[in-house]
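Secondary and tertiary structure notes
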Amino acid sequence: MNTMEKLKALREQMQRRKIAAYIVPTDDFHGSEYVGDYFKAREYLSGFTGSAGTLLVMQRRAALWTDGRYFLQAEDQLAGSGIELMKSGQPEVPTLAAFLGEELAVGDVVGFDGRTVTGAFVKELEESTAKKQVTFRGDKDLVDRVWEDRPVMSAEPVWQVEISYAGLSREEKLKKVRQEMEKEGADAYLVTALDETAWLLNLRGGDIRHTPVFLSYMFITQKRAILCAQGSAFSEEIRSVLKQAGVTLLPYESIEELVASLPAGQRILVDERKVNYRLLQAVSKGVETVNRQSPIELLKAVKTPREMELIREAHVKDGVAVTRFIYWLKSHIGQEKITEMTAADKLEEFRAAQEGYLGPSFDPIIAYGAHGAIVHYAATRQTDMELQPKGLCLADTGGHYGEGTTDVTRTIALGELTAEERSSFTVVLKGHLRLGAARFAKGVCGQNLDVLARMPLWENGMDYNHGTGHGVGYLLSVHEGPQNFRWRIDKNTTCVPLEEGMVISNEPGLYVTGHFGIRHENLVLVREGEKNDYGQFMYLEPLTMVPFDREAVDINLMSAEEKVLLNDYHAKVYETLSPYFSGEELAWLEEATAAL
């Protein structure tokens, strides 16, 4: 079936149940950013393959909301589908909740699979539609009734991270979590985010592409720790270590019954931004729901000293692979046929040569020329462009190593550049360097620092439509919270002070539709610096060790201070990577990191 036929089939299911509007989000049952094939219902119905977006289907209209990373991609993939694109965050574009508040009639029914939407999301819908006396139904997965060849739910083998890598045992982590529960006066704690369970138990899996997690829930009390997961994914060895840590393994589906079993008078700690609506509805009357930011989210974000040490090692390995790739690309362009996809394969080959490499941390973005303006472009056989010895190529890639997770973007000059390309490259680099050099007081949040990266662009009437930085997990999700760099603040924004041990990306960009895209990204580690009469000061340690392309820099646009920042960074890159290179590669690295 094509998209219009799929929407027709869904509308028939809606009509039978008198559902006026049906919402299909991107999420699985855990609010994951990326999801396994079984959960790709929005992609199946709409044809839009981006990692973020929500589809709304009504009898006469259908619309899809997504953010600025995917505007160009969504316009292309939704063409001819009958689905309107709603560009989230743009002027005159209503939120999905506000749209329903206007479009629904009094007494209408809104449906969704309650396992795929959060309690916070439904609360927003309730507020926007209160005047319409709308009813919500989250008990049916209607997409399942029209998706005839739906993939099975994944249950890949679970494996463990040794304490010599994690720095803390399961028992120590459970103790910390129970201490947080005690502060909130909670009798139970429901954990639904997959990366939080993986972190807590020092376990990893393979149920989501490029993210080493496994489908699971945790139900924790002061005396019990229950893991609800698919038993077939666990070896006898893993079962044994869990039992030793006081963790009971129960079937994945048993979580709803566990939640419902709490007796009246008890308090259950949940994070409504993450817990799905169906589970919140299962909480018995008389049980108090304590809605707080998940304590594991912050515990996980602050890396242990051992994790910090290992993450640096991972970035040396990754720096060798990516730098070798840049040298290869520059020396082979124009000499042989190279496409976006074959270039990505070559970079993966260089990473795979590194000891301890486990695989990509996300689908690689190798975007040449105009494709670089599509923020999260993914080459396909239909779009795979041949690289030419001119213009810019944006390479945003990352890897998982036994020592940690990486994410790096470099924009590479493949030959002659226009004056606009060169000046744009330099302006974005200025913002990257300014943020990377930040010194700030302890207690400052990422929202306070975002302006450092944007100011060089704003001064030139330019901007980029995405956050400047996201948190990165330790051998987990390449995108994690709660730390970030971004300037937009709304009612859901929480200011999270930056603490030593947090890993964040620094990635300003600029995207000129139809021409080129530029992004410069390093991962940085938040560190404590000087402490004096004014308090504790913090700084950002660069983890990524890959040269920026000096051939694309317009030196006349850089201040003396910015030149020093770039030269100092390149000196560090050369010092770190040079022992791993020799011959022509080493000579090139020396030139690529030479002082301006």
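Whatever comes next refers back to the structure up there.
Below is a short write-up of the structure. Small disclaimer: the values here were computed from a predicted structure and weren't measured.

Further remarks concern the state of the cysteines. Inspection of the entire model under this criterion finds one disulfide. Between the sulfur atoms of cysteine 445 and its disulfide mate cysteine 495 the distance is 1.7 Å. Across the S-S bond linking cysteine 445 and cysteine 495, the dihedral sits near 95°, which makes this disulfide right-handed. Of this pair, cysteine 445 sits in the loop between β21 (439-441) and α16 (446-458) while cysteine 495 sits in the loop between β23 (480-485) and β24 (503-506), placing them 50 residues apart in sequence. With a relative accessible area of 2%, cysteine 445 lands in the buried category.

Per the stated rule, a full pass over the model turns up 14 aromatic pairs. Relative to phenylalanine 39, the ring of phenylalanine 29 lies with its centre 4.9 Å away and its plane at 80°, an arrangement referred to as edge-to-face. With phenylalanine 29 in the loop between β1 (21-24) and α2 (41-46) and phenylalanine 39 in the loop between β1 and α2, the pair connects residues that are ten residues apart, well separated along the chain. Each of the two residues, phenylalanine 29 as well as phenylalanine 39, counts as buried. Ring centres 5.6 Å apart and planes at 55° place the aromatic pair tyrosine 327 and tryptophan 588 in the tilted group.

Bringing empty space enclosed by the protein into the picture now. It is a probe the size of a water molecule, rolled over the atoms, that shows where empty space is left. Following the criterion strictly, the structure yields five cavities of 30 Å³ or more and no others. Computed from the structure, the largest cavity encloses a volume of approximately 120 Å³. Along the wall of the largest cavity there are 13 residues; nearest its centre are Val24, Ala41, Asp113, Thr116 and Asp141. Take the lining of the largest cavity: its biggest share by element is three residues, from β1. When its residues are assigned to classes, the lining of the largest cavity shows eight nonpolar, one polar and four charged.

According to the stated counting rule, one finds 38 salt bridges in the structure shown. A salt bridge links aspartate 113 to arginine 115; the nearest nitrogen and oxygen atoms lie 3.1 Å apart. On the accessibility criterion, aspartate 113 (5% relative accessible area) is buried. The closest approach of N and O atoms between arginine 434 and glutamate 562, which form a salt bridge, is 2.9 Å. You can see arginine 434 sitting in helix α15 (residues 419-436) and its partner glutamate 562 sitting in helix α17 (residues 560-577), a full 128 residues away along the chain. When its relative accessible area of 29% is taken as the criterion, arginine 434 is described as partly exposed. The class of glutamate 562 is buried, set by a relative accessible area of 3%. Salt bridges here are not isolated pairs; linked through shared partners, they connect Glu196, Asp271, Arg273, Lys274 and Glu297.

Rules behind the numbers
Residues numbered from 1 in each chain as written. Predicted model: local features only at pLDDT ≥ 70, side-chain atom pairs only at ≥ 80, totals over all residues. Heavy atoms only, no water. Disulfide = S-S within 2.5 Å. Helix = DSSP H or I, 4+ residues; strand = E, 2+ residues; numbered from the N terminus. Buried < 20%, exposed > 50% of the residue type's maximum accessible area, 1.4 Å probe, protein only. Phe/Tyr/Trp six-rings, centres within 6.5 Å; stacked < 30°, edge-to-face > 60°. 1 Å grid on protein atoms, 1.4 Å probe; cavity = no way out; pocket = protein on both sides within 12 Å on 5 of 7 lines; lining within 4 Å. Points joined across faces, edges and corners; volume = space filled by probe spheres on them. Nonpolar A, V, L, I, M, F, W, Y, C, P; charged D, E, K, R; others polar. Salt bridge = Lys/Arg side-chain N within 4 Å of Asp/Glu carboxyl O.

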